[in-house]
Amino acid sequence: MSDVAVTTQDTVLGIDIGGTKMAAALVSADGRILTGDRILTPPGDADQVFAALAELLDRVRGDAEPLAVGIGSAGPLDQQHGLVSPVNITGWRNFPLVDRVRELVGDVPVTLGVDGHCFALGEFWTGAGREAETLLGIVVSTGVGGGLVVDGKPMIGQSGNAAHIGHVVVDLDGEACACGSFGCVEAYASGPRMVARAKRRGWRADEDVDAAVLAADAAAGDELALAAFDDGAQALAAGIVATAVTVDLTTVVIGGGVSKAGSVLFDPVQAWVKRLAQLPFVTDLSVEPAQLDNAGLLGAAHLAWSALR
């Protein structure tokens, strides 16, 4: 596999960092989590947040000496310099995460990737995309993120931020997006934006509700809830098909909190993909739910193993 002689006892350390939680695990060369743990992402300044991460890593590593470390982090990030500025972790701005982790683990390769890329890579390695050569992974939650695996390798782009499908423009006269553009996939398909659209149309207008309630009402047949999911599904499908005709995709895997809506989301997404994907090489495009609860963590570990090649 690499220039390093790998034994059955060898592991890498995978780290998954988001605004809500931080997770870490020792992972074998065949994608098995041997030991792992997670914590809530704490508030505080840069050093306070990192101190909590360091304690987690020490606890997970124990006496093990991982051969390499892979980190999946919410972005944006500067992959070249190992810096992260996660939108949801206000204490970290141009935080030197790679250098700080290397100080903890010693002189081993430490690789950084966007969390959406790691999600796609994890599903490609051991999840719903393990039979695919080319895969688009999408995380639909409070935002819409993604990652591409092409010919078995992650497509990261020159800045490390490629495949940000949530900000593919799918409506030229569309709604304003948090990124500063308008008509983006995320402006229609993220959980909060679907809830907001349904509320504007009269669904539970005076209640404090979230996408899980919207999904439950849609599953029960509420027309306004169903319409909001259909709008989100159409935007997702447009972004999927635009990506598919660009890189000749075969497989799409969708995860994240909103994906737990099940058929309420997947039925209209698949219907819209079938309607929009008319070129012969994308007519058989497969759209599947994610299989892993820890795809980002496993994708980070895959980055670590790849660094040893």
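Residues numbered from 1 in each chain as written. Predicted model: local features only at pLDDT ≥ 70, side-chain atom pairs only at ≥ 80, totals over all residues. Heavy atoms only, no water.

A. Region of the structure containing the sheet that holds strand 1 (residues 12-17). Within the open sheet, the 5 strands sit side by side as 3-2-1-4-7. Their pairing is mixed. Strands at the two margins of the open sheet, each flanked by one partner only, are strand 3 (33-40) and strand 7 (110-114). Averaged over all pairs of adjacent strands, the angle between strand axes in this sheet comes to 15°, irrespective of strand direction. Alignment of strand 1 against strand 4 (residues 69-73), held across 5 bridges, turns out to be parallel. The partner of G14 across the bridge, within strand 4, is G70. Strands in contact with helix 3 (residues 115-126) are strand 2 (21-27), strand 4 and strand 7; relative to strand 7, the strand with the most contacts, it is inclined by about 100°. (Pairing = 2+ DSSP bridges. Helix = DSSP H or I, 4+ residues; strand = E, 2+ residues; numbered from the N terminus. Axes fitted to C-alpha atoms, helices over the stretch in contact; angles between N-to-C directions. Contact = heavy atoms within 4.5 Å.)

B. Region of the structure containing the sheet that holds strand 12 (residues 286-289). Pairing is mixed in the open sheet, where 5 strands are placed in the order 10-9-8-11-12. Looking at the sheet topology across the chains shown, the edges are occupied by strand 10 (153-155) and strand 12. Pairs of neighbouring strands in the sheet enclose a mean axial angle of 25°, with direction left out of account. Pairing of strand 8 (residues 135-140) with strand 11 (residues 251-255) involves 5 bridges; the strand directions are parallel. Counted as the bridge partner of L136 is V252 from strand 11. Helix 8 (residues 263-276) rests against strand 11 and strand 12 of the sheet, and its axis sits at about 170° to strand 12.

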